[in-house]
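Below are the chains, spelled out letter by letter.
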Amino acid sequence: MSVRHVSRVRALYRRILLLHRVLPPDLKALGDQYVKDEFRRHKTVGSDEAERFLQEWEAYAAVLQQQANENRHNSTEKACFGIFLPEERLNDFRDEQIGQLQELMQEATKPNRQFSITESRKPKF
């Protein structure tokens, strides 16, 4: 892989993790883990699949950036993240991807998550 490709992947990875900082803590943790797993899983794919992978994650980052900006300007309303996924788009997914999406949806909508996250606070002296 070219140095340019590796640089593009790393920059996108960092950008997504930075964007996740605007998410609620439980979604941030879930999103961070998912991004890490997906980037690791696609480390050795061919160039065509790698390009599609990067395009999809770049689109995700653009949507998240837009939603973060909108939420910042509408601070009186509850923050909203995510987009509608039309059925036509689902038809393009492989069975493995559908399974991953289902697991992600179940984890994101659980009333009692598998992990507990508390924000760290600096001690006051």
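The rules we used
- Residues numbered from 1 in each chain as written.
- Predicted model: local features only at pLDDT ≥ 70, side-chain atom pairs only at ≥ 80, totals over all residues.
- Heavy atoms only, no water.
- UniProt positions renumbered as here; feature names shortened; annotations may be inferred.
- 1 Å grid on protein atoms, 1.4 Å probe; cavity = no way out; pocket = protein on both sides within 12 Å on 5 of 7 lines; lining within 4 Å.
- Points joined across faces, edges and corners; volume = space filled by probe spheres on them.
- Helix = DSSP H or I, 4+ residues; strand = E, 2+ residues; numbered from the N terminus.
- Nonpolar A, V, L, I, M, F, W, Y, C, P; charged D, E, K, R; others polar.

The name an unreviewed UniProt entry assigns to the chain is Succinate dehydrogenase assembly factor 3, from the organism Balaenoptera musculus. Under the heading Sequence similarities (unreviewed entry), UniProt records this for the chain: "Belongs to the complex I LYR family. SDHAF3 subfamily." If you open the UniProt record of the chain and go to Subcellular location (unreviewed entry), you find "Mitochondrion matrix".

Caption draft 1: Focus on the layout of surface pockets. Of the pockets and cavities examined, the largest pocket occupies roughly 1800 Å³. Tyr34, Tyr60, Leu85, Leu101 and Leu104 are, among the 43 residues lining the largest pocket, the residues nearest its centre. Elements that contribute at least two residues to the lining of the largest pocket include exactly helix H2 (25-41), helix H3 (47-73), helix H4 (87-90) and helix H5 (95-108). It is H3 that contributes the most residues to the lining of the largest pocket, ten residues altogether. Class assignment of the residues belonging to the lining of the largest pocket gives a composition of 23 nonpolar, nine polar and eleven charged. Here the second largest pocket defines a volume of roughly 400 Å³. Around the second largest pocket, the lining comprises 15 residues; the ones closest to its centre are Val9, Phe39, Arg40, His42 and Lys43. Sorting the residues of the lining of the second largest pocket by element identifies helix H1 (3-19), H2 and H3 as the ones contributing at least two each. Broken down by element, the lining of the second largest pocket gets its largest block of residues, five residues, from H1. By residue class, the composition of the lining of the second largest pocket is nine nonpolar, two polar and four charged.

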